[in-house]
Amino acid sequence: MKLGLMLPVKPDIRWVLARQVGVEYAITKAAPELSGQLPPWDFESLHSVKTRFAEQGFRLWALEGDEFDMSRIKLGLPGRDEDIEHYCMMLRNMGRLEIPLLCLNFMAGVGWYRTRVDLPERGGALTSEFDRAAMPPEPELKLSHEELWSNFEYFIRAVIPAAEEAGVKMGLHPDDPPIERLCGYPRILTSAAAFRRALALAASPNCGVTFCQANFRAMGEDVPALIEEFCRKKQLFFFHFRDIEGTAEHFRETFHDNGPTDMAKLLKLLKENGFDGILRPDHTPTMATEENCEPGYAMLGNLFAVGYIRGILDALKTIEK
Ligand code: CS2
Ligand code: MN
């Protein structure tokens, strides 16, 4: 099991701190609005990103999120075939540059969403909350769930051959929050059954799961059983390690050690099921001295999480089954 961190595509103090706590594997979103370069479908652009990380001692292991505007693909709009070809170019570039994992989502219109990002957590740290009751009434759906499923099927069947040829694994990330609709858009990756449907549509060893445990918990799913299932099927590629208190309709995020989940048990389960992918701490609270400008992605909470995870993993090495 590798331990990684989501890091900005351009170097900042977070790169230094990540190295100082011994993190060698980087995950990043190399979208042009963040990199100031062409999207990763341009080889030289992705090559420069990978080189920049390598020069600072990181192995760029994964790209995560929408690496360029995915709306024509997700909404099934004219021009989607051009974007799909760019997506295949990106996959081929990842293969050439030995970046083995792509974490993707199929949230149309609205990505991960919170209604508050300044909710007090332990000691006054700031965390995020989603509360459906705080949202305005849902507008009419801009497309149906089955249309979004059809767009997913068209997309995944078109890109999977490129992923297989490039040796890149695609880990589907759950919708966050995993609710049926949001801001007039349907959401489909919102249950274990939906993941089984999506993986059956892809029908490939290169399409699997980014197991964002907090979202599967929010779905009300049996998280340990799903870990065992997806590990058994060799479909668990990437583990997002964070916790929440509440349900998909109303939850708040917590420090890794301050939520309801037995996080050590999850890591033990991953070890027992032979998980050989990469794990990262996902959203963490913003702590004292930090600006709350990138909720979930400030650094002190990540440093705490790395220490917490590494301590449990070390203990698991000494505690045999
Ligand atoms: C996170 C996201 O919502 C989540 O659980 O993993 O913040 C994810 O990292 C972003 O969508 C990536 O761009
Ligand atoms: Mn996640």
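In short, a report on the structure. (Residues numbered from 1 in each chain as written. Chains lettered and ligands numbered in written order. Predicted model: local features only at pLDDT ≥ 70, side-chain atom pairs only at ≥ 80, totals over all residues. Heavy atoms only, no water.)

So, about the side chain of Ser128. On the secondary structure map, Ser128 appears in strand β6 (residues 126-131). Engagement of the side chain of Ser128 in a polar contact is seen with the side chain of Arg114, the distance being 3.1 Å. Engagement of the side chain of Ser128 in a polar contact is seen with the side chain of Glu253, the distance being 2.8 Å. Setting aside residues up to four positions removed in sequence, Ser128 forms contacts with Arg114, Arg116, Val117, Phe251, Arg252 and Glu253. (Helix = DSSP H or I, 4+ residues; strand = E, 2+ residues; numbered from the N terminus. Polar contact = N/O pair within 3.5 Å; in protein donor to acceptor, adjacent residues only side chain to side chain. Contact = heavy atoms within 4.5 Å.)

This paragraph deals with the site of ligand 1. Surveying the vicinity of ligand 1 reveals 14 residues, the closest of which are Glu64, Asp176, Arg242, His283 and Tyr297. In this structure, Arg280 approaches ligand 1 through a side-chain N or O atom, which is 3.0 Å from an oxygen atom. For ligand 1, whose free accessible area comes to 340 Å², the fraction covered by protein is 92%. Counting atoms within 2 Å of the grid points, the majority share of ligand 1 lands in the largest pocket. (Near = heavy atom within 4 Å. Areas by Shrake-Rupley, 256 points an atom, 1.4 Å probe, with all protein chains shown as cover. 1 Å grid on protein atoms, 1.4 Å probe; cavity = no way out; pocket = protein on both sides within 12 Å on 5 of 7 lines; lining within 4 Å. Sits in = over half its atoms within 2 Å of the grid points.)

One can describe the packing of helix α6 (residues 145-166) onto helix α7 (residues 192-202) by two numbers: an axis separation of 9 Å at closest approach and a directional angle of 40°. Taken together, the axes of α6 and α7 are oblique relative to one another. Crossing of α6 against α7: the hand is right-handed. Where α6 approaches α7, its residues Glu146, Trp149, Phe152, Glu153, Ile156, Arg157 and Ile160 are matched on the opposing element by Ala194, Arg197, Ala198, Leu201 and Ala202. Its residues placed into classes, the contact of α6 with α7 shows eight nonpolar, no polar and four charged. (Axes fitted to C-alpha atoms, helices over the stretch in contact; angles between N-to-C directions. Parallel < 35°, antiparallel > 145°, perpendicular 65-115°, else oblique. Left-handed = near helix turned anticlockwise from the far one by under 90°. Nonpolar A, V, L, I, M, F, W, Y, C, P; charged D, E, K, R; others polar.)

The next subject is the packing of aromatic side chains. Between two aromatic rings, the relevant description is the distance of the centres plus the angle of the planes. In this structure the tally under the stated criterion is 20 aromatic pairs. Where Phe68 meets Tyr87, the ring centres are 6.1 Å apart and the plane angle is 65°; that geometry is what we call edge-to-face. Placement of Phe68 in the loop between β3 (59-64) and α4 (71-75) and of Tyr87 in helix α5 (residues 80-96) is noted, with a sequence separation of 19 residues between them. An identical accessibility class is assigned to Phe68 and Tyr87; each is buried. Centroid distance Phe195 to Phe216: 5.1 Å. Interplanar angle 55°. Geometry classified as tilted. Of this pair, Phe195 sits in helix α7 while Phe216 sits in helix α8 (residues 213-218), and the two are 21 residues apart along the sequence. Neither residue differs from the other here; Phe195 and Phe216 are each classed as buried. Here a set of aromatic residues connected by ring pairs shows up, and it is made of Phe68, Tyr87, Phe106, Trp149, Phe152 and Phe155. Here the basic side chain of Arg122 rests over the ring of Phe255, its NZ or CZ set 4.5 Å away from the ring centre. (Phe/Tyr/Trp six-rings, centres within 6.5 Å; stacked < 30°, edge-to-face > 60°. Buried < 20%, exposed > 50% of the residue type's maximum accessible area, 1.4 Å probe, protein only. Lys NZ or Arg CZ within 6 Å of the ring centre and 35° of its normal.)

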